[in-house]
Amino acid sequence: MSRFAFDRAHHDRAALLRPDEAWRERDPRVMVLGGEHVATIAGPALRWMDMADAPEGQAVWLGELDGRPHAAVVVDRVPQELEPVSLRMLAPMLEADEMSLAVHAVAMARWLAATPFCPRCGARTEVRSGGHLRHCPSCGASHFPRTDPAVIMLITDADDRALLARNPQWPEGRFSTLAGFVEPGENLEDTVRRETHEEVGITVGEVTYAASQPWPFPASIMIGFFGRAETTEFTVDAHEIAEAQWVTREELTAYGEAGTLVLPPPYVSISRWLIETWHGGEIPGRWT
Ligand SMILES: [Zn+2]
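Sequence order sets the numbering: in each chain, residues are counted from 1 along the sequence as written. Predicted model: local features are reported for residues with pLDDT of at least 70 only, side-chain atom pairs are reported and counted for 80 or more only, and whole-chain, interface and lining totals are derived from all residues. Heavy atoms throughout the structure, all of them, feed into the side-chain values; hydrogens and water do not.

Caption draft 1: Molecular detail of the domain arrangement of the protein. Partitioning the protein into structural domains gives domain 1 (1-114), domain 2 (115-145) and domain 3 (148-279). For the purposes of this description, domain bounds are those given by an automatic or database domain assignment. Relative placement of domain 1 and domain 2: their C-alpha centres are 22 Å apart. Between domain 1 and domain 2, a total of about 1000 Å² is buried, with carbon and sulfur atoms accounting for 58% of that surface. The term buried area refers to how much accessible surface (probe radius 1.4 Å) is lost by two components on association, counted for both of them together. Interface area lost by domain 1 to domain 2 is led by R18, W111 and L112, which between them contribute 54%. Contacts described as polar in this section are N or O atom pairs within 3.5 Å, which, within protein, must combine one atom able to donate a hydrogen with one able to accept it, while residues neighboring in sequence count only if both atoms come from side chains. Across the domain 1-domain 2 interface, the total number found is seven residue pairs in polar contact (both at pLDDT 80 or more).

Caption draft 2: Molecular detail of the packing of aromatic side chains. Put simply, two rings from Phe, Tyr or Trp (the six-membered ring, in Trp's case) pair if the centres are within 6.5 Å, and we call them stacked under 30 degrees between planes, edge-to-face over 60, tilted for the rest. Following the criterion strictly, the structure yields six aromatic pairs and no others. Pairing F4 with F6 gives two aromatic rings, centres 5.8 Å apart and planes at 70°, and the pair type is edge-to-face. Take F4 and F6: they sit in the same class, and that class is buried. Each ring, one from F234 and one from W246, has its centre 5.7 Å from the other, and the planes form 20°; the classification is stacked. With a gap of 12 residues between them, F234 in the loop between β15 (220-229) and β16 (243-247) and W246 in strand β16 connect regions that are remote in the sequence. For every residue, the accessible area (1.4 Å probe, protein chains only) is compared with the maximum for its type, and the residue is labelled buried under 20%, exposed over 50%, or partly exposed between those bounds. What makes F234 partly exposed here is its relative accessible area of 25%. Here a set of aromatic residues connected by ring pairs shows up, and it is made of F4, F6 and W273. Throughout this description, the term charge over a ring refers to an Arg CZ or Lys NZ atom that lies within 6 Å of the ring centre and within 35 degrees of the ring normal. Here R3 stacks its cationic end above the ring of Y267, 4.3 Å away from the centre of that ring. A run of DSSP states H or I qualifies as a helix once it reaches four residues; a run of E qualifies as a strand once it reaches two. Both are numbered from the N-terminal end.

Caption draft 3: Expanded view of the nonpolar core. For our purposes a nonpolar core is just a set of buried Ala, Val, Leu, Ile, Met, Phe, Trp, Tyr and Cys residues, chained together by side-chain atoms within 4.5 Å. Counting residues in hydrophobic clusters, the biggest one holds 50 residues, and the most contacted among them are M31, L33, L87, M99, L164, L252 and I270. Of all the secondary structure elements, the ones that give two or more residues to this core are β1 (29-34), β5 (58-65), β6 (68-74), α1 (87-90), α2 (96-114), β11 (148-156), β12 (162-166) and α5 (270-279). Counting residues per element, this core draws most heavily on α2, which supplies 11 residues. When residues of this core are assigned to domains, at least three map to each of domain 1 (1-114) and domain 3 (148-279). We call two residues contacting when some pair of their heavy atoms lies within 4.5 Å. Residues contacting L33, with those up to four places away along its chain left out, are V38, A72, V73, V74, V75, V78, A105, V106 and A109.

Caption draft 4: Looking closely at the coordination of the zinc ion. Taken together, C118 (SG), C121 (SG), C136 (SG) and C139 (SG) make up the protein donors of the zinc ion, found 2.2 to 2.4 Å from the metal. Around the zinc ion, the four donor atoms are arranged such that angles at the metal cover 100 to 116°; this shape is classified as tetrahedral. For Na, K and Ca the donor cut-off is 3.2 Å; for every other metal, N, O and S atoms count as donors within 2.8 Å. Water does not enter the count, which can leave sites looking incomplete. Square planar and octahedral assignments, for four and six donors respectively, both demand that opposite donors be over 155 degrees apart and that all other angles lie between 65 and 115; tetrahedral needs four donors with all angles between 85 and 135 degrees, and anything else is irregular.

Caption draft 5: Spotlight on the pairing of β6. The buried count for β6 comes to six of seven residues, which makes it a mostly enclosed element. Strand pairing is assigned whenever DSSP detects at least two bridges linking the two strands. Two strands pair when backbone bridges link them, and β5 and β6 are joined in this way by seven bridges, in the antiparallel orientation. Bridging from a neighbouring strand, E64 pairs with P69 of β6. Taking the residues between adjacent antiparallel strands as the criterion, β5 and β6 are bridged by two residues, where D66 takes a positive phi near 55°.

As structure tokens, this is what we get:
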């Protein structure tokens, strides 16, 4: 089984401490972030600091990790001296427990920055509950952080080959699984079938849930599936997919060793995890 950073929760959100701001008395160590950029020490490590040393911003209670309190301070822009790095770049370097805190913090930062006004009446809202609630003083509405579902799927055919595809924005040789957003009124299995048919013209029958991964860029959860193709001929939608191919396990190993196929990073990417789980082990070679 290949390693996966999101196989379980690593921090306790301790949500009961949110409402009366009691968590502030616990003297949490804090992460400073703005959007998806987090303060680091020289790039590869998260920079943790005392609340008193953090720049002014919106405090967010993250919870406890091994009994130790953790929070985030959300700012418009992380000062250069705190060495901001995008979590997308940093993720492969983080351990699962820090990743757990960081994806929570980035999701909260994106939501807080994007939703200052009440969507019901337009008044400016007040942040409450450790950053996890926006209250509207004008109409009384409560607004909570949202998470938008997307599916990501490894499709296999009757010969147990896997379907890999290349996005038009990716360089030659960079492949991944298919993915797409869930539409209103649609169940997840049908999203897998619809997106696969729209993107590569393949008809999918059986769909099985595999695992999921938070993806706070800005507010998604990637819900991972295995799907079984009932057809094998591609009709590629050139806007979404530049090329698609069926690969066997042996071909994937050979391409990885030769460096001709580049996959998403191991450990932090559910698409890589789906591919490796189907493959039955780690795949050699480069990643981006
Ligand atoms: Zn309102």
